[in-house]
Amino acid sequence: MLPTRFRTLVAAGALSLLTAATAAAASPTLRYTLSMPAPQTHYFEVEMSLGGFNKPYTDVKMPVWAPGSYLVREFEKNVEGLVATAGGQALQVDKVDKNTWRVYHPKAKDFTVKYKVYAYELSVRTSFIDASHGYLNGTSVFMYPAEGKALASTVTVQPATGWSQVSTSLKPVSGGAPFTFRSESYDELADSPIEIGNQKILQFTANGTPHTVAMYGEARYDEQQLLADMKKVCEEAHRVVGQNPLDRYVFIVHNLERGSGGLEHLFSTTLEVSRTTYNTPGGYKGFLGLVAHEYFHLWNVKRIRPIALGPFDYDKENYTHMLWVSEGGTEYFSNLITQRAGFVKPENYLADLSNVITRVENTPGNKIQSAAESSFDSWIKQYRPNENSYNTSISYYDKGEVIGAVLDLMVINATKGEKSLDDVMRYLYSEYYTKKKRGFTDEEYQAAVAKIAGQRFDDFFRRYVYGTETLPYNTALGYAGLRLTNTPSTADGVLGANISTRSGAPTVTTVVRDGSAWQGGLNVNDEILALDGGRITTDPNTALTGRPAGTTVKFLVNRDGQIKEVSFPLLAGTTQRYRVEQVENPTEAQLKVLRKWLPVGQ
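Just so we're clear, the structure is a prediction, and the values are computed from it rather than from any experiment.

Would you explain the overall build of the protein in this entry?
A count of helices and strands for the protein gives 16 helices and 31 strands. With the C-alpha coordinates of the protein rotated into their principal frame, the extents come out at 105 × 65 × 45 Å. Accessible surface, the protein: about 26600 Å² in total, of which carbon and sulfur atoms supply 50%. Distance from the positive charge centre (62 side chains) to the negative charge centre (63 side chains) of the protein: 5 Å.

Help me understand helix α9 (residues 396-414) in this model?
Residue pairs three or four apart in sequence face the same way in an α-helix, which turns once every 3.6 residues. For α9, which comprises 19 residues, the first-to-last C-alpha distance of 26 Å matches the rise-based estimate of 27 Å (1.5 Å per residue) to within 8%. Measuring from the side-chain oxygen of the N-cap residue of α9 to the backbone nitrogen of Y397 gives 3.0 Å; that N-cap residue is S395. Of the residues trailing α9, K416 is marked for its positive phi of about 55 degrees.

Is there a simple way to explain the pattern of salt bridges in this structure?
A side chain of one charge can pair with a side chain of the opposite charge if their charged atoms are brought near each other. On inspection of all chains with the given rule, the structure shows 31 salt bridges. Of the charged contacts, one joins D352 and K285 as a salt bridge, the two residues approaching to 3.2 Å between their closest N and O atoms. Of this pair, D352 sits in helix α6 (residues 346-361) while K285 sits in helix α4 (residues 281-296); the two residues are 67 residues apart in sequence, bridging distant segments of the chain. Residue classification places D352 among the partly exposed positions, given a relative accessible area of 31%. For K285, a relative accessible area of 33% translates into the label partly exposed. Here the salt bridges do not stand alone but share partners, grouping K171, E188, D247 and R248 into one network.

Help me understand empty space enclosed by the protein, please; the structure alone is not making it clear to me.
With a probe scaled to a water molecule rolled over the atoms, the places where space remains empty come into view. In the structure shown here, the tally under the stated rule is two cavities of 30 Å³ or more. Quantified by volume, the largest cavity comes out at close to 80 Å³. In terms of lining, the largest cavity is formed by N300, W324, V325, G329, Y332, F333, G400, G404, L407, L421, M425 and Y445. When contributions to the lining of the largest cavity are tallied by element, the ones reaching two or more residues are α5 (323-340), α9 and α10 (421-436). By residue number, the principal contributor to the lining of the largest cavity is α5, which donates five residues. Taken together, the residues of the lining of the largest cavity break down into eight nonpolar, four polar and no charged. In this model, the second largest cavity occupies a volume close to 40 Å³.

Even after reading the chapter, I still don't get the sheet that holds strand β11 (residues 144-145), so can you show me in this structure?
In sheet architecture, strand pairing relies on hydrogen bonds along the backbone and comes in two forms, parallel and antiparallel. Across the sheet, which stays open at both edges, the four strands sit in the order β6-β7-β3-β11 with antiparallel pairing between neighbours. The outermost strands of the open sheet, each flanked by one partner alone, are β6 (93-97) and β11. The pairing of strand β3 (residues 57-61) with strand β7 (residues 100-104) spans five bridges and is antiparallel. Residue pairing in the sheet places D59 in a bridge with R102 of β7.

What's the story with the layout of surface pockets in this structure? I'm lost.
The calculated volume of the largest pocket comes to roughly 780 Å³. Lining the largest pocket are 36 residues, and of these S260, G261, L290, H293 and E331 sit closest to its centre. Where the lining of the largest pocket is concerned, the elements lending two or more residues are β20 (260-264), β21 (268-274), α4, α5, α6 and α9. Looking at the lining of the largest pocket, the element that brings in the most residues is α4, giving nine residues. Each residue belonging to the lining of the largest pocket can be placed in one class, and the counts come to nine nonpolar, 17 polar and 10 charged.

Even after reading the chapter, I still don't get the sheet that holds strand β4 (residues 79-86), so can you show me in this structure?
Taken in spatial order, the eight strands line up as β5-β4-β8-β2-β1-β12-β15-β14 in an open sheet, and their pairing is mixed. Edge strands, defined here as strands with exactly one partner in the open sheet, are β5 (89-90) and β14 (171-172). Inspection of the sheet shows strand β1 (residues 29-35) paired to strand β2 (residues 43-51) by seven bridges, in the antiparallel sense. Bridge pairing links Y32 to M48 in β2.

I'm lost on the nonpolar core in this one. Help?
Here is a general trend for soluble globular proteins: nonpolar side chains tend to be buried in one another's company. Ranked by internal contacts, the top residues of the largest apolar core, which has 141 residues, are F251, Y445, F460 and W597. By residue number, the principal contributor to this core is α9, which donates 10 residues. With near-sequence residues (within four places) excluded, F460 lies in contact with I403, V406, L407, M410, V465, L471 and P472.

What should I look at first to understand the packing of α10 against helix α11 (residues 442-453) in this one?
The relative placement of two packed helices comes down to the angle between their axes together with the axis-to-axis distance. Between α10 and α11, the least distance of the axes is 9 Å, while the angle of their chain directions is 125 degrees. Classified by the interaxial angle, the pair formed by α10 and α11 is oblique. The handedness of the crossing between α10 and α11 is right-handed. Taken together, the residues of α11 that come into contact with α10 (itself represented by L421, D423, V424, Y427, L428 and Y432) are E444, Y445, A448, V449, K451 and I452. By residue class, the composition of the contact of α10 with α11 is nine nonpolar, no polar and three charged.

What is the right way to look at the packing of α5 against α9 in this model?
Following both chains from N to C, one finds α5 and α9 inclined at 65 degrees, their axes separated by 7 Å at the closest point. As summarised for this structure, α5 and α9 are arranged roughly perpendicular, according to the angle between their axes. Seen along the crossing, α5 lies across α9 with a hand that is right-handed. Together, L323, W324, E327, G328, G329, E331, Y332, N335 and L336 of α5 and Y396, Y397, G400, E401, I403, G404, A405 and D408 of α9 make up the contact between the two elements. Tallied by class, residues from the contact of α5 with α9 come to eight nonpolar, five polar and four charged.

Even after reading the chapter, I still don't get the confidence of the model for the protein, so can you show me in this structure?
Atomic detail in the predicted coordinates should be set aside for any region of low pLDDT. Overall, the predicted model of the protein reaches an average pLDDT of 95, with 95% of residues at or above 70. In this model residues 1-24 is a low-confidence stretch, pLDDT under 50, and it forms three contacts with partners more than four residues away in sequence or in other chains.

Would you mind showing me how to read the pairing of strand β26 (residues 527-531) here?
Regular strands place side chains that alternate from one sheet face to the opposite one. Counting buried residues in β26 gives four out of five residues, a clear majority hidden from the surface. Relative to strand β28 (residues 552-559), β26 runs antiparallel, the two being bridged by four bridges. Of the residues in β28, the one forming a bridge with A530 is L556. Here β26 pairs with strand β27 (residues 534-535) via two bridges, running antiparallel. Across the sheet, the residue bridging to L531 is G534, located in β27. Joining the antiparallel neighbours β26 and β27 is a turn of two residues, in which D532 adopts a positive phi near 50 degrees.

Each value, and the rule that gives it
Residues numbered from 1 in each chain as written. Predicted model: local features only at pLDDT ≥ 70, side-chain atom pairs only at ≥ 80, totals over all residues. Heavy atoms only, no water. Helix = DSSP H or I, 4+ residues; strand = E, 2+ residues; numbered from the N terminus. Areas by Shrake-Rupley, 256 points an atom, 1.4 Å probe, with all protein chains shown as cover. Lys, Arg positive; Asp, Glu negative; His and termini not counted. Charge placed at Lys NZ, Arg CZ, Asp CG, Glu CD. Expected span 1.5 Å × (residues − 1). Polar contact = N/O pair within 3.5 Å; in protein donor to acceptor, adjacent residues only side chain to side chain. Salt bridge = Lys/Arg side-chain N within 4 Å of Asp/Glu carboxyl O. Buried < 20%, exposed > 50% of the residue type's maximum accessible area, 1.4 Å probe, protein only. 1 Å grid on protein atoms, 1.4 Å probe; cavity = no way out; pocket = protein on both sides within 12 Å on 5 of 7 lines; lining within 4 Å. Points joined across faces, edges and corners; volume = space filled by probe spheres on them. Nonpolar A, V, L, I, M, F, W, Y, C, P; charged D, E, K, R; others polar. Pairing = 2+ DSSP bridges. Core = buried A, V, L, I, M, F, W, Y, C linked by side-chain atoms within 4.5 Å. Contact = heavy atoms within 4.5 Å. Axes fitted to C-alpha atoms, helices over the stretch in contact; angles between N-to-C directions. Parallel < 35°, antiparallel > 145°, perpendicular 65-115°, else oblique. Left-handed = near helix turned anticlockwise from the far one by under 90°. pLDDT = per-residue confidence, 0-100.

Have a look at this one:
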């Protein structure tokens, strides 16, 4: 027999274990069952089983947006037929706002919610199902208890008849039913898209981590070459930060007639490409660039992130000034990654950068909206452009990429070729993701750059990130023995309007700020009937090629059903072609910066 004091300790321990077991048994539980009995009708059917909910009612919610795609999309609009039951008895359900359903269960801790979701928008940010396959993003299909975002859950997928594959980064439940997965929280479930059907499964290992490629749709590609090249991209991306946060990764690839884009997730990505993209050098390079962009997001934005981007509020916009870093910076690094991996020669990288600079500097909105403003206003402008957006806004992708290039060169120069933006990313990962387990503020990002560079760039951020001054391209490029040249796109007069054909008639779609059409009163939606007295059925920009500045042109247009004459002189074109080129006889210091920025001999 044990001494009394030991018997007391054992008893106390047993009581503690019993208390813990009782608490665990009482903890809320959440299970989802996803079925698709008639995929040709484009519906997913969801059953939520909620257990251990002790309050008289529980609010269940559907997100209104998808992380990584900064637009309120109102996913709740596709929900129908929501009902709740407990013990076989119907429960009262009230819809209390646009994306919240209140389920009353005063006498039942366990209850079930069932609903259907119409899913017929095939994009990387939405959900889709037809007779050939199903694809879903959790935010547009799975609801969650309003007070239970942190709850772990299981998801059992019941594929449609004849479908045998389920691809997702969610981990399978050991010993569970087929296609049953576990998520540690709603955030993980929302961030783990699921592909269901008969997709082709390919695999490779990079950085010691298994990678799965789930290929939907027919396409012609060299399987072994594709996997080898994707592996190179992944391993080169890993070298930027030098830390591997993965134990698995999944690429879901949709090969479509027309497709372009990707969306990043915590342990996966979805890529949407044309099925012919692999068949030309340019298309294949573009695919590898897309792989690099979305894969690098697993560091930049999923782990190295602005403080506003997590934990997410799924009910409303999550504002940040830093998408120029999260998206534009990712585009900058993805192009460096493909260059470093040997898929793009340094001179071709510079040509591509020249094209981005040309695009940015010829966009009138670049002088109206800063990169920080573009980031903040993404929710109302990036995904909802109108006919005047070209004049009033700038893409945080493009502007962020060129800011990244200039800032990187400044850091490399300040450290005499020893440090770069790679080191800034490593510091942010270590300091905020690993140590502080949170995102960074605008000021903390600037402080991180200063820490690595050994000097602050406050004036740079004020003028070029939060302001709209032209970036100091030649100063930065000069550090690497490069320069930026520009020449007029044309010496002739130009219309200053974009035209598209609608119902066989050339119609104005964009009028460029301060250009000929802008000054002369040609309007968007004007249907152009005649030019200088002659009938015209094609784009008048072609007919006007070569006309000198100052030439007066006369248009006959149909405006809102009325025939009008619009006459004005052609103004000289203002757009420029930019080119990054090497200077003669660069110094050794310049060559050191260049070699750090774009390693030679790849």
